[in-house]
Amino acid sequence: MDAQGRGRADDIDPADQWVLNPNTGEYELRLAPSAAQSSVPGPRGTGGRGRGTSGAAGAAGARRTTPARRPGAAAPGDDAPSPRRRTGAPAEAAAGRRGRRPVPKKAKGKKVLMWTGGSLAFVLIGASGAAYLYYEHLNNNITSVSDDGAGTGGFSKDRAINILLIGTDKRTGKGNEGYGDKNSAGHADTTLVLHVSKDRSNATVLSIPRDLITDIPDCPTTQEDGTEKVIPGKQRARFNESLGQEDRTPSCTMRTITELTGLKMDHFMVADFNAVKTLTSAVGGVDVCLAKDIKDKDSKLDLPKGEHTIEGEEALAFVRTRHSVGFGGDLSRIELQQQFLGSMMRKLKSNDTLTSPSKMIKLAEAATKALTVDNEISTIKKLADLGAELGKFDTKNLTFATVPVDDNPAEKVKATVVLKEPQAQQLFAMVRDDVSLTEVKQQKKKEKAAEAARLKGSKAPASEVRVRILNGGAVAGSAQETLSWLQVQEGVTKSENAGNAEQPLARTTLEYGPDEADQARRLAEIMGLSGAALKPGKSVTNSQGVPAMTLTLGKDFEGAGVPLTTPAKVPEDVQKATADKVECAK
């Protein structure tokens, strides 16, 4: 860091300017008032950072968010006043005694996690909060582009958080033109969906294969001159074409993810090759493990079997490697990247990083320069607030999973993949319904014993199940479709269509009388109803004049034969790993 970045013109390590406040147990940046000080770097022009625009920022005409100078603040070149101390903070030590840092207190779990936020993208957020005293300087580091209304408008503390993380293969930045395809607009080469649960007890990271065939919707996109252009959608396209191609911006990838998974994104972050290099160097390297020697001529990775600490160009080579691991394709590379991200998160949350002010300052600088973010989180304060939320879950409850896919049956030479059903939809449903992919105690408590008990016990034969079917908000014709399916395919012959319900329902319910519990359990098994859908109550009289249950198809009903129960376990074909475990690349 240069003298201006330190806030002093002499040779003082930034770490030596952090002083422990005994009243709060936190470090604060102190600059001696007796010495002359230069101002905190003021806002720079668009070329001030001297680097290529990150990822999709180039395609989007990325703009830098520059806050207005506060009244009375020093203009660039003025002598800045000393930073104010917190109320009750002790007076500074004499200048001659500043060469020695106080012994850091032991990290205190969540308090210290407020410094970091989370992992890769998470840490990039949280680290910015750690260096809040460089507020204007760090704000000027941030590059943002519009989300074009594709997101929720911003995360909220009272609901789950969904963040789209994109790694672009655009060859911007020093030294990256050597990787080939230097004039490409870039693609969504690596795409992750980070879902943090509402109670912040767990998180899931979904990896979306770049070669997945999907539909890209129409994308309203803000142009460099501020005008809006609607980029036409594309049917059955590679997922990675949702960014960069035909001037698509990250907001288009956002819309594609929502179309694919049903998840509405709160924010996006885009990283280019330089992000991997600078961030790994800022934390002192990331530990990885190889189960075999790897020498990949394409990624330029050359490492022997065993454990290694990698950073910079070597770290970039590691996450780009695919031909020398697994089956040699993109899916094998995804597993490698998940191992890398889990290791990086462990490093970022370790005391070695959290208790080192000098590392935190370097990380803050690297983090704010590394990413392009959406306009809803384009300031340090917003990033720090988000980072505080992301830092609440334990790494053992962070699960990486890859969307289940099959080879594209339409291709003779296999180059792309398609969703594997029903496993993919089951996985998407679990994430939408905030179901943890890990064994989390808080999640188990949500399962009410009373609801589970309703599904236990004897079941009547399908031929003895009597039920009236009402449409309570499902697609028109759903009651008749369900009636035909139950009678013809499932043998529930004593069923009838009773028309529309008086009031629409959000969720499908089955109400039954005290003597019909065995019938209810059988119908629940046939239709895939949860215990929560079963409502003990009263029976009704059907057209034959005998007691019957009432099945009301709610807005959640997706069709006859489609289960309405959210899976409690991850489908067997879903590849997953947790961030707290060390795995060796194979």
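None of these values were measured; they are calculated from a predicted model. (Residues numbered from 1 in each chain as written. Predicted model: local features only at pLDDT ≥ 70, side-chain atom pairs only at ≥ 80, totals over all residues. Heavy atoms only, no water.)

> Help me out: how do you make sense of the overall build of the protein chain in this one?
A count of helices and strands for the protein chain gives 17 helices and 28 strands. Taken across its 586 residues, the protein chain has 53% of its residues classed as buried. Counting contacts in the protein chain only where the partners sit at least 6 residues apart, residues at least 24 apart contribute 75% of the total. When the accessible surface of the protein chain is split by element, carbon and sulfur atoms take 49% of a total near 26,800 Å². (Helix = DSSP H or I, 4+ residues; strand = E, 2+ residues; numbered from the N terminus. Buried < 20%, exposed > 50% of the residue type's maximum accessible area, 1.4 Å probe, protein only. Contact = heavy atoms within 4.5 Å. Areas by Shrake-Rupley, 256 points an atom, 1.4 Å probe, with all protein chains shown as cover.)

> What is the right way to read the nonpolar core from this model?
When a protein is soluble and globular, its nonpolar side chains tend to lie buried together. I163, L194, M269, L279, F318, F340 and L386 are the most contacted members of the largest nonpolar core, which totals 52 residues. Counting residues per element, this core draws most heavily on helix α9 (residues 330–348), at six residues. L164, L206, V270 and A424 belong to the second largest nonpolar core, which has 30 residues in total. (Core = buried A, V, L, I, M, F, W, Y, C linked by side-chain atoms within 4.5 Å.)

> Looking at this structure, I do not really get unusual backbone geometry. What am I missing?
Note: most peptide bonds trans; most residues except glycine with negative phi. E421 connects to P422 through a cis peptide bond whose omega is 5 degrees. Here P422 shows up in the loop between β20 (417–419) and α13 (423–432). Non-glycine residue D148 carries a positive phi angle of around 55 degrees. Tracing the backbone through its elements, the reader meets D148 in the loop between β4 (143–145) and β5 (161–168). What makes D148 buried here is its relative accessible area of 13%. With a phi angle near 55 degrees, E246 is a residue other than glycine that sits in the positive phi range. Note that E246 resides in the loop between β11 (234–238) and α6 (250–261).

> What should I look at first to understand the state of the cysteines in this one?
The final tally for this structure, using the stated rule, is one disulfide. The disulfide bridge from C219 ends at C252, spanning 2.1 Å between sulfur atoms. Linking C219 and C252, the disulfide has an S-S dihedral of approximately 50 degrees and is accordingly described as right-handed. Taken together, the residues span a long stretch of sequence, with C219 in strand β9 (residues 219–222) and C252 in helix α6 at a distance of 33 residues. Assessed through its relative accessible area of 0%, C252 is described here as buried. (Disulfide = S-S within 2.5 Å.)

> Explain the packing of helix α7 (residues 273–282) against helix α8 (residues 312–320) to me, please; I cannot follow it from the model alone.
In a pair of packed helices, the angle between the axes and the distance between the axes together describe the arrangement. It is the contact of α7 with α8, at a shortest axis distance of 8 Å, that shows an interaxial angle of 125 degrees. With respect to α8, the axis of α7 lies oblique. Crossing angle aside, the handedness with which α7 passes α8 is right-handed. Facing α7, whose interface residues are F273, V276, K277, T280 and S281, α8 presents G312, E313, A315, L316, V319 and R320. (Axes fitted to C-alpha atoms, helices over the stretch in contact; angles between N-to-C directions. Parallel < 35°, antiparallel > 145°, perpendicular 65-115°, else oblique. Left-handed = near helix turned anticlockwise from the far one by under 90°.)

> Teacher, can you tell me more about helix α17 (residues 517–527) here?
Note on helix geometry: an α-helix contains 3.6 residues per turn, so any two residues three or four positions apart are oriented the same way. The complete set of buried residues in α17 reads Q519, A520, R521, L523, A524, I526 and M527. Residues of α17 that are buried make contact with β21 (466–471), α16 (478–488), β23 (509–512), β24 (534–536) and β26 (547–553). At the C-terminal side of α17, G528 shows a positive phi close to 75 degrees.

> How should I be thinking about the packing of α7 against helix α11 (residues 357–370) in this particular structure?
It is at 9 Å that the axes of α7 and α11 come closest, and there the two elements cross at 170 degrees. By the angle between their directions, the pair α7 and α11 is classed as roughly antiparallel. Where α7 abuts α11, its residues A275, T278, L279 and A282 lie against K359, K362, L363, A366, A367 and A370.

> Any chance you could explain the packing of aromatic side chains here in plain terms?
Given two aromatic rings, one states the distance between the centres and the angle between the planes to describe the pair. Tallied over the entire structure, the rule returns one aromatic pair. Note on F318 and F340: the rings are 6.0 Å apart at their centroids and 35 degrees apart in plane angle, and the pair reads as tilted. Taken as a pair, F318 in helix α8 and F340 in helix α9 lie far apart in primary sequence, 22 residues in all. With relative accessibility at 4%, the residue F340 sits in the buried group. (Phe/Tyr/Trp six-rings, centres within 6.5 Å; stacked < 30°, edge-to-face > 60°.)

> I would appreciate a short explanation of the pattern of salt bridges in the present structure.
Pairing of side chains with opposite charge becomes possible as their charged atoms draw close. All chains considered together, the criterion is met by 16 salt bridges. In this structure, the salt-bridge partner of R238 is D211, at a minimum N-O distance of 3.1 Å. Of this pair, R238 sits in strand β11 while D211 sits in the loop between β7 (203–208) and β8 (213–216), and the two are 27 residues apart along the sequence. Here E525 and R522 are joined by a salt bridge, their closest N and O atoms 2.5 Å apart. (Salt bridge = Lys/Arg side-chain N within 4 Å of Asp/Glu carboxyl O.)

> Explain a negative patch on the surface to me, please; I cannot follow it from the model alone.
Judged by side-chain charge, D293, D302, E311 and E314 come together as a negatively charged surface patch. Following the sequence through the fold, D293 ends up in the loop between β13 (286–290) and β14 (294–296). (Patch = residues over 30% accessible without salt bridge, like charges linked within 9 Å, V, L, I, M, F, W, Y side chains within 5 Å. Lys, Arg positive; Asp, Glu negative; His and termini not counted. Charge placed at Lys NZ, Arg CZ, Asp CG, Glu CD.)

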